[in-house]
Amino acid sequence: MPYWVSYPEMIKLIGAVPVPVLAEDGGFEPRLRDIEERVGDYTKAIILNSPNNPSGAVYSQELIAGVIDYCERRGLYLIMDDIYHRLVFDGRKPTNCFDFAKDKTESSKLILINGVSKLYAMTGFRIGWAVANKKLIEAMTNIQSHQTSGPSALLQHAAVGALSGVQSPVESLRMTLENNRNVLVDRLRTMSGVKVTAPGGTFYSFPDFSAYEKSSVKLSKLLLDKVKVVTVPGVEFGMEGYLRISYCGGIKDIREGVERIKWALDPDAPNELILGDRRLVRDWA
């Protein structure tokens with residue numbers, strides 16, 4: 001799943017057609033062949049988001065290098081969304097796409113996108129940047145200045161402070177998220193009907209709940225309405241039966257959230273569930 005959820009909408013806004021690429025094996029990392037087979041005569045750009053939202057998959061260096069080489073040979077733009085690039089687990093290291101680029105001249109069509117939203121938990125600041133050839137950046141600046149409001153000087157200075165200041169909070173966040181990931185995955189794996197792949201990064205998990213309910217919208221609504229657990233339907237990302245679950249919260253919230261999900265989906269669950277001082281009553285079949 002190479003693109004993030006907002007990309008299809010943005011692509012449609014400019015009159016283009018988004019073409020999703022799903023891995024043939026049903027996993028979260030497509031093969032280079034899967035991408036090549038979806039490229040047509042009208043293809044102008046490929047977008048890769050790694051670590052990936054919603055799956056948390058971290059694409060291999062072999063895939064990234066292969067896509068960069070393919071785009072350079074075909075003259076295609078490659079947009080690398082690196083917004084989660086340092087939030088990686090299990091000893092992984094961030095990947096720099098420019099390490100694999102052969103063309104580093106002003107004719108390069110490689111574009112790197114990043115920002116302060118994720119690594120520094122500054123989502124409301126809306127500060128990001130692009131790295132590309134000068135001519136392309138100039139065109140992007142002209143369009144951006146007429147499409148969105150400019151960030152205030154205060155927010156820009158705050159972003160500079162985050163980027164140039166002490167970086168230990170990023171590692172602290174990464175370690176916290178990795179521990180949260182472990183707790184969530186371990187809990188989800190106690191549910192026999194759930195298939196879950198441990199995310200390699202980000203703060204999202206994308207388990208398959210289709211054994212319980214094929215419609216991810218219906219299931220997401222059930223969990224929200226009945227047990228107050230917020231998820232995002234997988235169909236929004238092109239994969240029905242899946243739910244995106246965030247593990248940004250505390251360990252207590254993660255454990256309680258999974259317990260609520262288990263109780264909501266288990267047909268043999270007791271009529272009531274007591275969680276601390278909370279009492280939930282089952283009023284559905």
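Small disclaimer: the values here were computed from a predicted structure and weren't measured.

Turning next to empty space enclosed by the protein. Under the counting rule described, the total for this entry stands at one cavity of 30 Å³ or more. Of the volumes computed, that of the largest cavity is approximately 90 Å³. Lining the largest cavity are Ser50, Pro51, Val58, Tyr59, Ile64, Met80, Asp82, His85, Val88, Lys93, Pro94 and Thr95. The residue makeup of the lining of the largest cavity, split by class, is seven nonpolar, three polar and two charged.

This next bit is on the confidence of the model for the protein. Close inspection of predicted coordinates is inappropriate in any region flagged by low pLDDT. Mean pLDDT over the protein: 92, with 96% of residues reaching 70 or higher. Below a pLDDT of 50 lies the segment residues 1–5, which in the model reaches 29 contacts outside its immediate sequence neighbourhood of four places, other chains included.

Consecutive residues of a regular strand have side chains that alternate between opposite faces of the sheet. By the criterion of burial, strand β2 (residues 77–81) is predominantly enclosed, with four of the five residues buried. Two strands pair when backbone bridges link them, and strand β1 (residues 45–49) and β2 are joined in this way by five bridges, in the parallel orientation. Pairing of Ile46 across the sheet is with Leu78, part of β2. Taking the sense of rotation as the criterion, the β-α-β connection linking β1, helix α3 (residues 61–74) and β2 turns out right-handed. Relative to strand β3 (residues 110–115), β2 runs parallel, the two being bridged by four bridges. The residue bridging Leu78 from the neighbouring strand is Leu110, located in β3.

What follows deals with the environment of Cys97. With respect to the helices and strands, the residue Cys97 is situated in the loop between β2 and β3. Assessed through its relative accessible area of 1%, Cys97 is described here as buried. When the C-alpha positions of Cys97 and Gly128 are compared, they lie 18 Å apart, and in sequence the two are 31 residues distant. Excluding residues that lie within four positions of it along the chain, Cys97 makes contacts with Ile68, Met80, Leu110 and Leu112.

Criteria and thresholds
- Residues numbered from 1 in each chain as written.
- Predicted model: local features only at pLDDT ≥ 70, side-chain atom pairs only at ≥ 80, totals over all residues.
- Heavy atoms only, no water.
- 1 Å grid on protein atoms, 1.4 Å probe; cavity = no way out; pocket = protein on both sides within 12 Å on 5 of 7 lines; lining within 4 Å.
- Points joined across faces, edges and corners; volume = space filled by probe spheres on them.
- Nonpolar A, V, L, I, M, F, W, Y, C, P; charged D, E, K, R; others polar.
- pLDDT = per-residue confidence, 0-100.
- Contact = heavy atoms within 4.5 Å.
- Buried < 20%, exposed > 50% of the residue type's maximum accessible area, 1.4 Å probe, protein only.
- Helix = DSSP H or I, 4+ residues; strand = E, 2+ residues; numbered from the N terminus.
- Pairing = 2+ DSSP bridges.
- Right-handed = clockwise from strand over helix to strand, strands pointing away.

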